[in-house]
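Below, each chain spelled out in residue letters.
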Amino acid sequence: MAEVAEEQPTAVPSWTTGPVPAELAHARHLSALVQADNGQAIFSLPSVGRFWVRPGRPTVVEPAAGAGDDDVECMLRGPVGALRSTLAGRYCLRGSAVAVAGQALVLVGSLRGASTLAAALARRGHPLLADGVVVITGSPATAGPLPEGAPPRVALWPDSARALGLAPGDGRPVRPSLPARRYEVGPPAPAGPLPLRVLIVLLDEAAAAAQRRQGHGAGRAGGRFVSLRENEWHASVVADLGHQLDELAWATPLCSAPPFAWQVLPAELSSQSLGQLAEQVLELVT
Amino acid sequence: MSLDPAQGDLVPARMVWAASYPKSGNTWLRAVYTAAVTGAGPDINQLADGDIESSRAMFDRSLGVRSSDLTHEETWALRPAADEMRTAQLRGMPWTKVHDALRMGPGGRTVVSVTATHGAVYLLRDPRDVAVSLSYHLGVSLPQAVEVLRSQSVLMSSQDRLTPQLPQYLGTWSEHVTSWVDHDMFPVCVLRYEDCLADPAACFARALATGGVMLGPEDVAKAVERSSLASLQDQERRSGFREAARGTFFRRGKAGAWREELPTDLARQVEADHRQVMQRFGYL
């Protein structure tokens, strides 16, 4: 996967509208939404449109009737952006990232928890690096946003926005038909990816207790690898394209290095519990 | 070319749905199944074979999408495809919990994939007891719980918070029952919760056989014993239960407890709302 030319960050999403084939003739990965071979992929969601992804070229979008720019942008910021990066040899995690003292703190495991905690950290002065898709590259690893993405905004549901003291009107709808909104929070993000300082898997109480009973804690590389795969975008595409060895090479340093940690999420995300959680994760970095 | 497991071909799994209206004994059923296939006492937070069908995390991983970016209609339409992606990566006949009514989604397919299905065990319980249990579980009044049973209810459909599960269409209690028992798309073993309490070994032996788990009477009895309500309650006290929305999940579990807890007018309301199905299954 790494032979494809690296893309440089751009200010706006690199996409254009145009016709997109209904199918790839020799797809090695075929699922309900994604067809992929080693050089291209098509993401298709009937109510939003079809997206033709070819690394090094703009993504071609054929919007569905009735789909708006926000619908299209939502997919470009999420699954399509992650697919594009995956084909270009970069691995993507489902989660969020913030910059703390020039290094990246990555949060995965619970999308609601990751976005909300990232916003809480951003409100404390730590710039938001990425939300939804965190791109991991290099060795030692760096973490950052999608290179072709717009400046990162955090997607929050109303309860999380309230807990953070954000007014719903300050956000922009993720999609017109969804209650979640995107917010600009915290200081501006630094340009480009940052060295990965810590990767935190957020778990609810019961999941954490089960892990303890099974002995899969932060100290076990196997448990870390499973956790990474569970939080990886398009893991089945990676597998079907035959890139498991590249994936293993990517994941092993992360699994064997100290920056891997588990953190238990409180049952209710309130202003107070978020504050305590933010302090706990910052202690892991400082 | 067809796949032949005898020749070493890897044949995708086909699901066994542990299906029920909420608070009808589904966790107990899966606890017995877990005890049966592991030969050990079940961990209520790690029941075989994994999460509920409507789990967001599972859906997202299966399809390479983020369900929080999708509308209810889009997730409903895509759930059968997610089932098929999951079964393609599994083997055998994994059991999976489901609370949805078995209805057509917006994509013209049933909410769970029929092609990914081996069969189902459908557990139903006296709706008067369900109403009482549901009021505790959801933290609503008894009249509100009775209203849930008679309404076109949708679970996990919050517009305020991101729920860990996708929205699940229940319909009314009566519609839920008939959706699962009155079709010929795949075999369904129908069990009454009350019969399971009265003769657990016989009932669960039928359920396990439907799901491809063939055990002798002694092994079934052991699995039932290891999954007693007392042992599940004890685990919840010691370690908590991830499915407990508030308070205690495993409460009384007794058949007919509605006589002590449900006011007469509400009991009559439930009977009026669901008379036909209640009569059919011996509740009236």
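Here goes a summary of the coordinates provided. (Residues numbered from 1 in each chain as written. Chains lettered and ligands numbered in written order. Predicted model: local features only at pLDDT ≥ 70, side-chain atom pairs only at ≥ 80, totals over all residues. Heavy atoms only, no water.)

## A closer look at the sheet that holds strand 2 (residues 29-30) of chain A
Residues and elements named next belong to chain A. Our working definition: A pair of strands counts as paired when DSSP detects no fewer than two bridges linking them. Note on conventions: DSSP H or I runs of at least 4 residues are helices, E runs of at least 2 residues are strands, and numbering of each starts at the N terminus.
Taken together, six strands build an open sheet; the order of strands is 1-6-5-4-3-2 and the sheet is mixed. At either end of the open sheet lies a strand with only one pairing partner, and these are strand 1 (15-17) and strand 2. Sheet topology note: the strand 1/strand 6 (residues 59-63) ladder contains three bridges and is parallel. Bridge pairing in strand 6 places Trp15 opposite Thr59.

## Some points on the packing of aromatic side chains
All names here are of chain B. The test is simple: Each Phe, Tyr or Trp ring, with Trp reduced to its six-membered ring, pairs with another whose centre is within 6.5 Å; inter-plane angles below 30 degrees give stacked pairs, above 60 give edge-to-face pairs, and intermediate values give tilted ones. Relative accessibility decides the category of a residue: with a 1.4 Å probe and only protein chains considered, values under 20% of the type maximum give buried, values over 50% give exposed, and everything between is partly exposed. By definition here, charges over rings are those cases where NZ of Lys or CZ of Arg is within 6 Å of the ring centre and within 35 degrees of the ring normal.
One pass over the structure, following the stated rule, counts six aromatic pairs over all chains. For the ring pair Trp28 and Phe204, a centre distance of 4.9 Å and an interplane angle of 85° mean the geometry is edge-to-face. A residue pair is termed long-range when its members are at least 10 positions apart, and Trp28 in helix 1 (residues 26-38) and Phe204 in helix 8 (residues 200-210) qualify at 176 residues. We note that Trp28, like Phe204, is buried. Summarising the aromatic geometry, the rings of Tyr33 and Trp95 are spaced 4.2 Å apart at their centres and angled 10° between planes, so their arrangement reads as stacked. In this pair, Tyr33 sits in helix 1 while Trp95 sits in strand 2 (residues 95-98), placing the two residues 62 residues apart along the sequence. Sitting above the plane of the Trp76 ring, Arg103 keeps its charged end 5.6 Å from the centroid. The ring of Tyr193 has Arg125 lying over it, and the distance from NZ or CZ to the ring centre is 4.5 Å.

## Re the packing of helix 2 (residues 56-63) of chain B against helix 3 (residues 72-88) of chain B
All names here are of chain B. Stated formally: Helix axes are fitted to C-alpha atoms over the stretch in contact, other axes to C-alpha atoms as well, and angles between N-to-C directions run from 0 to 180 degrees. If an angle is under 35 degrees, it is roughly parallel; if it is over 145, roughly antiparallel; if it lies from 65 to 115, roughly perpendicular; otherwise it is oblique. Only heavy atoms matter for contacts: two residues are in contact if any of them lie within 4.5 Å across the pair. Residues are grouped as follows: Ala, Val, Leu, Ile, Met, Phe, Trp, Tyr, Cys and Pro are nonpolar; Asp, Glu, Lys and Arg are charged; all remaining types, including Gly, are polar.
Across the interface, helix 2 lies against helix 3 with an axial gap of 9 Å and an inter-helix angle of 70°. In terms of their interaxial angle, helix 2 and helix 3 are classed as roughly perpendicular. Contacts between helix 2 and helix 3 involve Met58, Phe59, Ser62 and Leu63 on the former and, on the latter, Thr75, Leu78, Arg79, Ala81, Ala82, Met85 and Arg86. Among the residues making up the contact of helix 2 with helix 3, the classes are represented as seven nonpolar, two polar and two charged.

## Digging into the interface of chain A and chain B
Going by this rule: In short, buried area is how much 1.4 Å probe accessible area vanishes from two parts on joining, totalled over both. By salt bridge we mean one thing: a side-chain nitrogen of Lys or Arg within 4 Å of a carboxyl oxygen of Asp or Glu. Pairs of N or O atoms are called polar contacts if they sit within 3.5 Å, as long as, within protein, a hydrogen donor faces a hydrogen acceptor (for residues adjacent in sequence, only side-chain-to-side-chain pairs).
Listed as interface residues are 38 residues of chain A and, on the opposing side, 25 residues of chain B. In total, about 2,700 Å² of surface goes out of reach between chain A and chain B, with carbon and sulfur atoms giving 55% of it. Here chain A is connected to chain B by three salt bridges. With a shortest N-O distance of 2.8 Å, Glu74 of chain B and Arg175 of chain A are connected by a salt bridge. Across the contact surface, chain A and chain B share seven residue pairs in polar contact (both at pLDDT 80 or more). Those elements that provide at least two residues to the side of chain A that touches chain B are strand 4 (41-45), helix 1 (69-77), helix 3 (111-123), strand 9 (128-137), helix 4 (158-163) and helix 5 (205-214) of chain A. Of the residues forming the side of chain A that touches chain B, the biggest block, five residues, is contributed by helix 5 of chain A. For the side of chain A that touches chain B, the per-class residue count stands at 19 nonpolar, nine polar and ten charged.

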